[in-house]
Amino acid sequence: MQLKNQSLIQPDSAFINGKWYRPESDQYFDVINPATSQPVAKVPDLDEKQCTEAVDAAVKAAVQLKNMTGKQRAEILRRWFNLLHESRDDLATIITAENGKPLAEARGEVVYASDFVDWFAGEATRIDGTVHQASASANRIITIKQPVGVVGIITPWNFPAAMITRKVGAAIAAGCPCVVKPAAETPLTALALAHLAYQAGLPAGALSIVTTLVHTASVGKVLTQHPSIRKFSFTGSTAVGKLLAAQCTTTMKKVNLELGGNAPFIVFDDADVSKAVDGIVASKFRLSGQTCVCVNRLYVQSGVHDRIVEALIARVNQFRLGPGDDPKTTLGPLISKKAAEKVAAHTEDAVKRGGHVLTGGEVASDLGEAFFQPTIVTNVAPDALCARSETFGPFLPILRFGTEDEVVQMANSTEVGLAGYFFTENISRAWRVAEALEVGMVGVNTGLISDVASPFGGVKESGQGREGSRIGIDEYLEVKSMTFAVNN
Ligand SMILES: NC(=O)c1ccc[n+]([C@@H]2O[C@H](COP(=O)([O-])OP(=O)(O)OC[C@H]3O[C@@H](n4cnc5c(N)ncnc54)[C@H](O)[C@@H]3O)[C@@H](O)[C@H]2O)c1
Ligand SMILES: O=CCCC(=O)O
């Protein structure tokens, strides 16, 4: 991989205790480029012992980070932000090589990821307490906020930079060291981020990157069960999140879970059709449909159904499917062959239940095993697999509906609730539906809701807690109340 700054990738190394770490063992795993199915690098397959070393280093760093002022931590974060910004082309190249997303999207992710670092640099200087009126007249009560302690973090492959900085930026701002296990598909971005964080002046041990494949479960046990880790933060599927949250109960860690979604997108008859189509395309096809907030089910009211479908087909047929490093590509591969097979299975199931494939519908095997054609299916049954669970691919199932009550009921009929979207020009309906949707985040007349300033998180089985925004730092802080007796 050709980079301007070749030091962002070190051969065969992880990053532990402030240094590139090359273990003596011969256990490594390949990082695969999804566009070619070929290896782009190999990284160490670290085990629970090496993860524990990273935790021990973090325990030492905790004292140092806690004793810094918020302003000092903010200065480190600002320098990190500047380095991320200067390295944005290289970081985008690394993201595209291991994740597959088109370079333009990868650059966008670097901006999004570094914005979290900048944002939390600001929050580091605003960790304030409160004053309370005591019930007993002799007492005075104040609160302070203190860092929760060492944080264990596990992240997915779909945003190899942003899913890390959204957590680590907040944790460092609060004064908490982090031990991160990135997804085995995308460890290189995580390692480059850590290298730049130390160049920015992070104390040794404050951020370690434990790369692993074979030892995923045992490393996960260290991060969820080690008594010195006080907080565990996870982004990934609901199934894995449930397992890891259960492991955390043995030591009663604070837990933050950002899990799977199944976002409904509703277009009412009174919507601006052209804006709605823009919103659907932006939300559905970002990262080839592999984001937790992507539209998973599109509900269109009968009066505008045919116009919406026609406009969507025209837009989808303009996509150029190809490898992410080709500047002409507008839609990249999925993360793996298995991911493409899942989209094929959802297509097949929808068709079996009466769905009509209007465009796409197949693996684009001429390009590679992880490419799937952008697909639109109409007449989808409410009980189809794609309506009940995340497809995580460039597959748009369309369901027709009649009334507002009916569609809100269908939108809410899932066990998850991360994002939901709708388009209407009726202000009363906008309030009603926004309040009625059982999700953590709503897009009203927009398909793009991700913003560092907006609290990110879900309800029901989509998780617990909120990341980003001015409340995201609270995930890494404990409130301590102090009662002072003034009349002895
Ligand atoms: N809510 C959010 O903010 C958000 C953001 C991005 C992705 N997601 C969700 O993530 C999922 C896609 O990501 P994925 O396929 O990487 O999810 P995943 O749950 O399979 O993996 C996520 C991480 O968990 C690790 N992991 C898996 N099994 C483990 C175990 N037994 N012990 C320890 N670690 C383990 C993986 O190696 C990876 O690092 C989707 O469901 C998506 O909606 C949610
Ligand atoms: O995949 C989920 C995270 C996407 C985002 O933060 O916009």
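Residues numbered from 1 in each chain as written. Chains lettered and ligands numbered in written order. Predicted model: local features only at pLDDT ≥ 70, side-chain atom pairs only at ≥ 80, totals over all residues. Heavy atoms only, no water.

With respect to the overall build of the protein
From N to C terminus, the protein includes 14 helices and 22 strands. At 23 Å, the protein has a C-alpha radius of gyration in line with the 23 Å of a compact globule built from 488 residues. Taken along the three principal axes of its C-alpha coordinates, the protein extends 75 × 65 × 40 Å. Per-residue burial for the protein yields a buried fraction of 57% across its 488 residues. (Helix = DSSP H or I, 4+ residues; strand = E, 2+ residues; numbered from the N terminus. Rg over C-alpha atoms; globule rule 2.2 N^0.38 Å. Buried < 20%, exposed > 50% of the residue type's maximum accessible area, 1.4 Å probe, protein only.)

Focus on the domain arrangement of the protein
Interfaces are often sized by the accessible area lost when the parts come together. What the domain assignment reports for the protein is domain 1 (6-259 + 462-481) and domain 2 (263-451). Between the C-alpha centres of domain 1 and domain 2 there is a distance of 31 Å. In this complex, domain 1 contributes 20 residues to the contact, which on the side of domain 2 involves 27 residues. Interface area for domain 1 against domain 2, summed over the two sides, is near 1800 Å², with a carbon-plus-sulfur share of 61%. (Domains from an automatic or database assignment. Contact = heavy atoms within 4.5 Å. Buried area = accessible area lost by both parts, 1.4 Å probe.)

A few points about the UniProt feature "active site" (unreviewed entry) in the protein
Here, the residues flagged by UniProt with the feature "active site" (unreviewed entry) are E258. Tracing the sequence through the fold places E258 in strand β11 (residues 254-258). Beyond its immediate stretch of four places on either side in the chain, E258 contacts K167, F234, T235, G236, F456, G457, S462, G465, R466 and E467. (UniProt positions renumbered as here; feature names shortened; annotations may be inferred.)

Thoughts on the nonpolar core
The biggest cluster of nonpolar side chains holds 127 residues, and the ones touching the most others in it are W80, L207, V267, L298, I308 and L312. Shared between two domains, this core holds at least three residues of each, these being domain 1 (6-259 + 462-481) and domain 2 (263-451). If we ignore the near neighbours within four places in the chain, the residues touching L298 are F265, V267, I280, L312, L396, P397, I398 and L399. Judged by nonpolar contacts, the second largest core, of 29 residues, contains V377, F392, F422 and V439. (Core = buried A, V, L, I, M, F, W, Y, C linked by side-chain atoms within 4.5 Å.)

Remarks on the site of ligand 1
Near ligand 1 lie 29 residues; those nearest to it are T155, K181, S237, L259 and E390. Within the backbone of E258, one N or O atom sits 3.5 Å away from a nitrogen atom of ligand 1. Coverage of ligand 1 by the protein amounts to 85% of the 850 Å² it exposes when considered alone. Looking at the shell around ligand 1, the elements that each hand over two or more residues are α5 (162-174), α7 (216-225), β10 (229-235) and α8 (238-248). (Near = heavy atom within 4 Å. Polar contact = N/O pair within 3.5 Å; in protein donor to acceptor, adjacent residues only side chain to side chain. Areas by Shrake-Rupley, 256 points an atom, 1.4 Å probe, with all protein chains shown as cover.)

With respect to the site of ligand 2
Every residue lining ligand 2 is accounted for by Y112, N158, F159, M163, R166, R286, T291, C292, S450 and F456. Contacts to ligand 2 include S450, whose side-chain N or O atom sits 2.4 Å from an oxygen atom.

Quick look at helix α10 (residues 305-316)
Its 12 residues place the ends of α10 16 Å apart at the C-alpha level, agreeing with the 16 Å of an ideal helix rising 1.5 Å per residue. Listing the buried residues of α10 in full gives H305, I308, V309, L312 and V316. The arc that holds the buried residues of α10, viewed along the axis, is 100 degrees, so those residues lie on one side. The exposed residues of α10 that point more than 90 degrees off its buried face are D306, R307 and E310. Here the buried face of α10 lies against β12 (263-267), α9 (273-285), β13 (295-301), β14 (356-359), β15 (375-378) and β16 (395-401). (Expected span 1.5 Å × (residues − 1). Arc of directions from axis to C-beta.)

Observations regarding the pairing of β13
On any regular strand, side chains alternate: one points to one face of the sheet, the next to the other face. Most of β13 is tucked away, with 7 of its 7 residues classed as buried. Two strands pair when backbone bridges link them, and β12 and β13 are joined in this way by 5 bridges, in the parallel orientation. Looking at the pairing, V267 lines up with V300 of β13. Each parallel crossover has a hand, and the one from β12 via α9 to β13 is right-handed. Relative to β16, β13 runs parallel, the two being bridged by 4 bridges. (Pairing = 2+ DSSP bridges. Right-handed = clockwise from strand over helix to strand, strands pointing away.)

Focus: the UniProt feature "domain: Aldehyde dehydrogenase" (unreviewed entry) in the protein
The UniProt record marks residues 20-481 with the feature "domain: Aldehyde dehydrogenase" (unreviewed entry), using the residue numbering of this structure. Secondary structure across residues 20-481 comprises 39% helix and 21% strand; the distance between its end C-alpha atoms is 41 Å.

A short note on the sheet that holds β14
If you walk across this open sheet you meet the 7 strands as β14-β15-β16-β13-β12-β18-β19, and the pairing is mixed. The sheet is open, and its two edges are formed by β14 and β19 (441-444), each paired on a single side. In this sheet, neighbouring strand axes are inclined to one another by 25 degrees on average, regardless of whether the strands run parallel or antiparallel. When β14 meets β15, the two strands line up antiparallel, connected through 3 bridges. Note on β15: the bridge partner recorded for V357 is V377. Those strands touched by helix α13 (residues 404-411) are β12, β13 and β16, and its axis lies near 170 degrees from that of β13. Set on the sheet, helix α14 (residues 427-436) makes contact with β13, β18 (419-423) and β19; between it and β18 the angle comes to about 165 degrees. (Axes fitted to C-alpha atoms, helices over the stretch in contact; angles between N-to-C directions.)

Description of the side chain of D45
Relative to the helices and strands, D45 is located in the loop between β4 (38-44) and α1 (48-67). Despite its burial, D45 remains without a salt bridge, the nearest opposite charge being carried by K181 at 8.8 Å. A polar contact of 2.9 Å, which involves the side chain of D45, links it to the side chain of T212. Polar side-chain contacts of D45 include one of 3.0 Å to the backbone nitrogen of V214. Ignoring sequence-local partners within four residues, the contact set of D45 consists of Q27, Y28, F29, T211, T212, L213, V214 and H215. (Lys, Arg positive; Asp, Glu negative; His and termini not counted. Salt bridge = Lys/Arg side-chain N within 4 Å of Asp/Glu carboxyl O.)

So, the packing of aromatic side chains
Summed over the entire model, instances satisfying the criterion amount to 10 aromatic pairs. Ring centres 5.6 Å apart and planes at 85 degrees place the aromatic pair F268 and F401 in the edge-to-face group. With F268 in the loop between β12 and α9 and F401 in strand β16, the pair connects residues that are 133 residues apart, well separated along the chain. Classification of F268 as buried rests on a relative accessible area of 0%. Its end group placed over the ring of Y28, K42 keeps NZ or CZ at 4.7 Å from the ring centre. Over the face of the ring belonging to F159 we find K101, whose NZ or CZ atom lies 4.0 Å from the ring centre. (Phe/Tyr/Trp six-rings, centres within 6.5 Å; stacked < 30°, edge-to-face > 60°. Lys NZ or Arg CZ within 6 Å of the ring centre and 35° of its normal.)

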